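Secondary and tertiary structure notes
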Amino acid sequence: MKRIVSTIVAIFLLVAFSSHTQAAIGFSHGERGGKRIALSFDDGPHPTFTPKILALLEKHGVKATFFMIGCNVALYPSVAKAVHEGGHEIGNHTYSHPHMKQLTLTQLKDEVQKTENVLSENGIPKPKLFRPPEGFRSKEQVRSLEESGYQTIIWSLDTHDWQGKRVDEIVSVVLNGVQGGDVLLFHDYTSRHNTTITALEQLIPRLLKDGYEFVTVSELMC
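Residues numbered from 1 in each chain as written. Predicted model: local features only at pLDDT ≥ 70, side-chain atom pairs only at ≥ 80, totals over all residues. Heavy atoms only, no water.

1. Observations concerning the side chain of Asp-43
Going by this rule: Think of it this way: any DSSP run of H or I at least four residues long counts as a helix, any run of E at least two long counts as a strand, and we number them from the N terminus. Exposure classes here rest on a 1.4 Å probe applied to the protein chains alone. A residue is buried below 20% of its type maximum, exposed above 50%, and partly exposed in between. By the counting scheme adopted, Arg and Lys are positive, Glu and Asp are negative, and His together with the chain ends is not counted. Salt bridge, as used here: a side-chain nitrogen of Lys or Arg that lies within 4 Å of a carboxyl oxygen of Asp or Glu. Polar contacts, as counted here, are pairs of nitrogen or oxygen atoms within 3.5 Å of one another; within protein the pair requires one atom able to donate a hydrogen and one able to accept it, and residues that are adjacent in sequence qualify only if both atoms are side-chain atoms. Working rule for contacts: check all heavy atoms of both residues, and any pair within 4.5 Å makes them a contact.
Within the secondary structure layout, Asp-43 lies in strand 1 (residues 36-44). This buried residue, Asp-43, is left without a salt bridge; Arg-131 holds the nearest opposite charge, at 8.2 Å. There is a polar contact of 3.0 Å between the side chain of Asp-43 and the side chain of His-93. The residues contacting Asp-43, other than those within four sequence positions of it, are Phe-67, Ile-69, Asn-72, His-93, His-97, His-187, Asp-188 and Tyr-189.

2. Some words on the environment of Gly-30
Tracing the backbone shows Gly-30 in the loop between helix 1 (2-25) and strand 1. Judged by its relative accessible area of 9%, Gly-30 falls in the buried class. Along the chain, Gly-30 and Ser-156 lie 126 residues apart, while their C-alpha atoms are 9.4 Å from each other. Ignoring sequence-local partners within four residues, the contact set of Gly-30 consists of Gly-181 and Leu-220.

3. Details of the nonpolar core
The criterion, for reference: Definition of nonpolar core: a set of buried residues of the types Ala, Val, Leu, Ile, Met, Phe, Trp, Tyr and Cys, connected through side-chain atoms within 4.5 Å.
Formed by 35 residues in total, the largest nonpolar core has its most connected members in Leu-39, Phe-41, Leu-57, Phe-66 and Phe-186. Contributions of two or more residues to this core are made by strand 1, helix 2 (49-60), strand 2 (65-68), helix 4 (77-85), helix 5 (105-121), helix 7 (167-177), strand 7 (183-187) and helix 8 (196-209). At six residues, helix 8 tops the list of elements feeding residues into this core. One finds Phe-67, Leu-129, Val-217 and Leu-220 within the second-largest nonpolar core, a separate group that totals 12 residues.

Here's what the structure looks like:
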């Protein structure tokens, strides 16, 4: 009996610790029991790649979450509007994609606010989600973002598309690593050869066939 009680207590403490840790550093994945996953895209909008991604998502009836850089929204407002009008979720990814380690809390708030402003100017509501560039963030920054109404979002499966990986490499990383609750990291803009769209053309139908359900990050958090 004592062993059973000890086991239950240990499990409770592990769950409590994991929940506290994830809250402190940001949300990275949802419940592991089912087959709900979230596609997320960083660094857009892009005038060429983002519309192609939107067309692919619409083809398969899939919704995703786009973490947008404010200066790119300013450059391509019609693309940002198309993402919003397509029913996808939009998150804040700073205005200029700075290195978070170099930002004071005041500078971070300014980056976030400038992105809010440009989104608002284009009829897009204030996001509830924030993704730090390159995933770098401190506990103090996470707390500051929470005070501004943001949930910090990371990821649990990095496709490494930002490195210009081959299509087969991206497909293999996802199919061999995906599990229920995952937040998948893609980019609708990369500085290297873009293989994201071709990889998605293979991955989305395959994952749907395997029983995965695509949801937004906010839906995954529920």
